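Structural features, examined
What follows is the residue order along each chain.
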Amino acid sequence: GIVLVSLLFAAGRDTEFFGRMADSNILMRRFVSIGLDDASVRGRLAALGVGLEGFTARPILGWGPENFLIVFGRYFDMDPEVPETFDQAHNKLVEELATKGIIGFLSYSSVWALMLWLMVRRVRRRDTQQVFMLFMGAAMTGYFVQNLFLFDTPGTALQFILLLAFVISLETTFDEEQARATDVERGGSRHKPGHVTEAHKFQEVRGWVSLVAVLTLVSLGIYFLNIRTYHAATAIVKTSNPSITWEQRLDLFDESISSFSPLANYPRQILFAQLTNNWDLLQRDQRLAAAAMAKREAAEAIKAEPEGWRTYVVLALLYQKMSSGVLTIEAALGQEY
């Protein structure tokens, strides 16, 4: 069926019928326009080449998680047919190679290999759930294939977690079923009633201790990784309010930067961009305060991500803007700049 549909599409994509469907359906429009000359395809091919080049430069540990943007900026040669910047490889395998090296790639691949082995072992049992197992295997295949052209998002990552949890549950139930079958073959329970009771009590205590530990870790994680991040993002949104003063805006930027330092370079870049766009509208005192903050945060941004080329770009634009104003860059930032 897949082969026939593919042939039909290849033969009829340029017909009037497909053209009318593409006018009203964005998915069909993508199918009709897809090809080696498509901008999206050219960009993905460029990202693949850049990712493999970055992998060869740092093959063991890569450039670090979520650092594909650095790889792209370092190894991509300007191409007018690829106007956008890729901060993801749009291919999970290349992403792992470039950002986590061969160690990360083998770790990721081993998870999928284990999932495949467990699914095949369960399907070969030919029990009443075999058809359902085949459908779940198809879901795993679909997820893996689409990740060769996209990247993980909160929505798709949740699907992967559910599939992985399902396979783990298969392994758990498989062991339990094997144990029960062994008990039956031996003519009953493997343990005396008294021993079973003691084991049950131990498992119950261990379960409660584990529950308390997990709830504690989850609560701490929610605060440090979610609430603080959300607070920082909320402060950034407020900076776009035109009714607030620049003094209040700078305070909001400072609040966002200090709320969650691991991602502070995002608000810093927005700060530099807003100062560039509004520099001509600022009064002398506002310029002095803004320039002092920009100087401080520029040093912190470069220290946090010395390879983060976007920071250098927005800073260059800001310094160029400051140098052309009434208040010169030397007076604002000091002679060392």
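Here the structure is a predicted model, which is why all the values come from computation and not from measurement.

Brief notes about the overall build of the chain
Within the chain, the secondary structure is distributed over 14 helices and zero strands. Reading the secondary structure of the chain in the N-to-C direction produces α-α-α-α-α-α-α-α-α-α-α-α-α-α. Taken over 337 residues, the chain has a buried fraction of 31%. Long-range contacts, defined here as pairs at least 24 residues apart, represent 59% of the contacts in the chain between residues at least 6 apart.

So, the nonpolar core
Formed by 21 residues in total, the largest nonpolar core has its most connected members in L271, F272, L275 and L318. Sorting the residues of this core by element identifies α10 (246-259), α11 (265-278), α12 (284-304) and α13 (309-323) as the ones contributing at least two each. Not counting residues within four places of it along the chain, the set of residues in contact with L271 comprises L250, F253, M293 and E297.

Overview of a negative patch on the surface
Judged by side-chain charge, E247, D251, E255 and D285 come together as a negatively charged surface patch. Here the element with the most residues in the negative patch is α10; it accounts for three residues. Tracing the chain through its elements places E255 in helix α10. By relative accessible area, E255 is classed as partly exposed at 30%.

Here we look at the environment of A301
Its place among the elements puts A301 in helix α12. For A301, a relative accessible area of 1% puts it in the buried group. It is 7.2 Å that separates the C-alpha atoms of A301 and R268, two residues lying 33 residues apart in sequence. Filtering out sequence-adjacent residues up to four positions away, A301 remains in contact with N265, R268 and T311.

A few points about the confidence of the model for the chain
The predicted model of the chain has a mean per-residue pLDDT of 85, with 89% of residues at 70 or higher. No element of the chain has a lower mean pLDDT than helix α14 (residues 329-333), at 55, and none a higher one than α11, at 95.

A word on the packing of α11 against α12
Taken N-terminus to C-terminus, the directions of α11 and α12 make an angle of 140°; their axes are 10 Å apart at the nearest point. In this structure, α11 meets α12 at a crossing whose hand is left-handed. Along the contact surface, α11 presents N265, R268, L271, F272 and L275, while α12 presents A290, M293, A294, E297, A298, E300, A301 and A304. In terms of residue class, the contact of α11 with α12 is made up of nine nonpolar, one polar and three charged.

Examining the side chain of N147
Inspection of the secondary structure assignment puts N147 in the loop between α7 (130-146) and α8 (154-185). On the basis of relative accessible area, N147 is assigned to the buried category, the value being 1%. In this structure the side chain of N147 is engaged in a polar contact, spanning 3.2 Å, whose partner is the side chain of Q146. If near-sequence neighbours (up to four positions away) are discounted, N147 is found in contact with N91, K92, Y108 and D152.

What about the pattern of salt bridges?
With the rule as written, the count across this model stands at eight salt bridges. One salt bridge connects E96 with K100, and the closest N-O pair in it is separated by 2.9 Å. In this pair, E96 and K100 both sit in helix α6 (residues 92-123), four residues apart, roughly one turn of the helix. Looking at E96, the relative accessible area reads 4%, which means it is buried. Given a relative accessible area of 29%, K100 falls into the partly exposed group. One continuous salt-bridge network, built from bridges that share partners, spans K92, E96, K100 and D152.

Section: unusual backbone geometry
Backbone phi values are negative for most residues with the exception of glycine, while trans is the configuration of most peptide bonds. Phi is positive for E66, which is not a glycine, with a value near 65°. Topologically, E66 is positioned in the loop between α4 (39-57) and α5 (68-75). Given a relative accessible area of 58%, E66 falls into the exposed group. Backbone geometry at H90 places phi at a positive 60°, although glycine is not the residue there. Along the chain, H90 falls in the loop between α5 and α6.

What counts, and where the lines are drawn
Residues numbered from 1 in each chain as written. Predicted model: local features only at pLDDT ≥ 70, side-chain atom pairs only at ≥ 80, totals over all residues. Heavy atoms only, no water. Helix = DSSP H or I, 4+ residues; strand = E, 2+ residues; numbered from the N terminus. Buried < 20%, exposed > 50% of the residue type's maximum accessible area, 1.4 Å probe, protein only. Contact = heavy atoms within 4.5 Å. Core = buried A, V, L, I, M, F, W, Y, C linked by side-chain atoms within 4.5 Å. Patch = residues over 30% accessible without salt bridge, like charges linked within 9 Å, V, L, I, M, F, W, Y side chains within 5 Å. Areas by Shrake-Rupley, 256 points an atom, 1.4 Å probe, with all protein chains shown as cover. Salt bridge = Lys/Arg side-chain N within 4 Å of Asp/Glu carboxyl O. Lys, Arg positive; Asp, Glu negative; His and termini not counted. Charge placed at Lys NZ, Arg CZ, Asp CG, Glu CD. pLDDT = per-residue confidence, 0-100. Axes fitted to C-alpha atoms, helices over the stretch in contact; angles between N-to-C directions. Left-handed = near helix turned anticlockwise from the far one by under 90°. Nonpolar A, V, L, I, M, F, W, Y, C, P; charged D, E, K, R; others polar. Polar contact = N/O pair within 3.5 Å; in protein donor to acceptor, adjacent residues only side chain to side chain.

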